Amino acid sequence: MDRDEIVCHCMEVSYGEIVAAIKANTLKTVEDVGEATNAGTGCGGCQTVIQEILDEING
Ligand code: FES
(Lines give C-alpha, C1' and ligand atoms only; values in the text may rest on other atoms or scores of the structure.)
Protein backbone atom coordinates (compact mmCIF):
# COMPACT_ATOMS: atom_id res chain seq x y z
CA MET A 1 0.00 0.00 0.00
CA ASP A 2 1.26 3.47 -0.90
CA ARG A 3 1.87 5.83 2.04
CA ASP A 4 -0.39 8.47 0.48
CA GLU A 5 -3.23 6.04 -0.16
CA ILE A 6 -6.34 6.90 1.82
CA VAL A 7 -7.39 4.03 4.08
CA CYS A 8 -10.24 5.82 5.85
CA HIS A 9 -12.29 7.81 3.38
CA CYS A 10 -14.72 9.15 5.98
CA MET A 11 -11.93 10.87 7.93
CA GLU A 12 -9.41 11.11 5.04
CA VAL A 13 -6.65 9.30 6.88
CA SER A 14 -3.82 7.83 4.82
CA TYR A 15 -1.92 4.58 5.21
CA GLY A 16 1.21 6.55 6.12
CA GLU A 17 -0.55 8.47 8.91
CA ILE A 18 -1.92 5.25 10.39
CA VAL A 19 1.46 3.49 10.26
CA ALA A 20 3.19 6.50 11.88
CA ALA A 21 0.61 6.68 14.68
CA ILE A 22 0.84 2.93 15.39
CA LYS A 23 4.63 3.07 15.57
CA ALA A 24 4.87 6.32 17.56
CA ASN A 25 2.29 5.33 20.17
CA THR A 26 2.58 1.52 20.13
CA LEU A 27 -1.09 1.22 19.26
CA LYS A 28 -2.61 -2.26 19.60
CA THR A 29 -6.27 -2.06 18.61
CA VAL A 30 -8.55 -0.54 15.99
CA GLU A 31 -10.01 1.61 18.80
CA ASP A 32 -6.51 2.91 19.66
CA VAL A 33 -6.00 3.93 16.03
CA GLY A 34 -9.40 5.67 16.06
CA GLU A 35 -8.48 7.68 19.13
CA ALA A 36 -5.08 8.65 17.69
CA THR A 37 -6.07 9.44 14.09
CA ASN A 38 -9.91 9.37 13.85
CA ALA A 39 -9.54 6.61 11.25
CA GLY A 40 -12.36 4.07 11.53
CA THR A 41 -14.62 6.34 13.55
CA GLY A 42 -17.06 7.13 10.71
CA CYS A 43 -18.89 4.36 8.85
CA GLY A 44 -16.51 1.72 10.21
CA GLY A 45 -16.01 0.20 6.77
CA CYS A 46 -12.21 0.58 6.90
CA GLN A 47 -11.77 -1.15 10.25
CA THR A 48 -10.79 -4.51 8.73
CA VAL A 49 -8.02 -2.76 6.78
CA ILE A 50 -6.88 -0.95 9.94
CA GLN A 51 -6.72 -4.34 11.68
CA GLU A 52 -4.61 -5.70 8.82
CA ILE A 53 -2.20 -2.77 9.17
CA LEU A 54 -1.97 -3.40 12.93
CA ASP A 55 -1.23 -7.10 12.29
CA GLU A 56 1.38 -6.17 9.67
CA ILE A 57 3.24 -3.91 12.11
CA ASN A 58 2.71 -5.67 15.43
CA GLY A 59 2.97 -9.20 13.99
S1 FES B 1 -13.98 4.70 5.74
FE2 FES B 1 -13.11 4.78 7.71
S3 FES B 1 -14.80 5.12 9.01
FE4 FES B 1 -15.68 5.15 7.04
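Residues numbered from 1 in each chain as written. Predicted model: local features only at pLDDT ≥ 70, side-chain atom pairs only at ≥ 80, totals over all residues.

Trainee: I'd love a proper account of helix H3 (residues 47-58), names of residues and values included.
Mentor: Residue pairs three or four apart in sequence face the same way in an α-helix, which turns once every 3.6 residues. Look at H3: 16 Å from first C-alpha to last across 12 residues, which is about the 16 Å you get at 1.5 Å a residue. A positive backbone phi angle near 75° is found at glycine 59, which sits one or two residues after H3. (Helix = DSSP H or I, 4+ residues; strand = E, 2+ residues; numbered from the N terminus. Expected span 1.5 Å × (residues − 1).)

Trainee: Can you explain unusual backbone geometry? Please cite residues and give values.
Mentor: Most peptide bonds take the trans form, and the phi angle of most residues other than glycine is negative. Non-glycine residue threonine 26 carries a positive phi angle of around 45°. Position of threonine 26 among the secondary structure elements: in the loop between helix H1 (15-25) and helix H2 (30-37). Taking the C-beta count within 10 Å as the criterion, threonine 26 has 10 such neighbours and is therefore assigned exposed. We note that asparagine 38 has phi near 75°; this positive angle belongs to a residue other than glycine. (Buried ≥ 20, exposed ≤ 12 C-beta atoms within 10 Å, placed from the backbone.)

Trainee: Any details on the environment of valine 33? Residues and values, ideally.
Mentor: For valine 33, the position within the fold is in helix H2. Considering only alpha carbons, one finds valine 33 and isoleucine 50, 17 residues apart in sequence, at a separation of 7.9 Å. Setting aside chain neighbours within four positions, we find valine 33 in contact with Ile18, Ala21, Ile22, Leu27, Ala39, Gly40 and Ile50. (Contact = placed C-beta atoms within 7 Å.)

Trainee: Could you give an account of the nonpolar core, naming the residues involved and the relevant values?
Mentor: Soluble globular proteins tend to bury their nonpolar side chains together. Val7, Cys8, Val13, Ile18, Ile22, Leu27, Val33, Ala39, Cys46, Ile50 and Ile53 together form the largest nonpolar core, which totals 11 residues. Contributing elements (two or more residues each) for this core: strand S1 (6-8), H1 and H3. (Core = buried A, V, L, I, M, F, W, Y, C linked by C-beta atoms within 7 Å.)

Trainee: With reference to specific residues and values, describe the packing of H1 against H2.
Mentor: Where H1 meets H2, the closest approach of the two axes is 10 Å, and the angle between their N-to-C directions is 105°. Viewed along their axes, H1 and H2 adopt a mutual orientation that is roughly perpendicular. In this structure, H1 contributes Glu17, Ile18, Ala21, Ile22 and Asn25 to the contact, and H2 contributes Val33, Ala36 and Thr37. Residue composition of the contact of H1 with H2, by class: 5 nonpolar, 2 polar and 1 charged. (Axes fitted to C-alpha atoms, helices over the stretch in contact; angles between N-to-C directions. Parallel < 35°, antiparallel > 145°, perpendicular 65-115°, else oblique. Nonpolar A, V, L, I, M, F, W, Y, C, P; charged D, E, K, R; others polar.)

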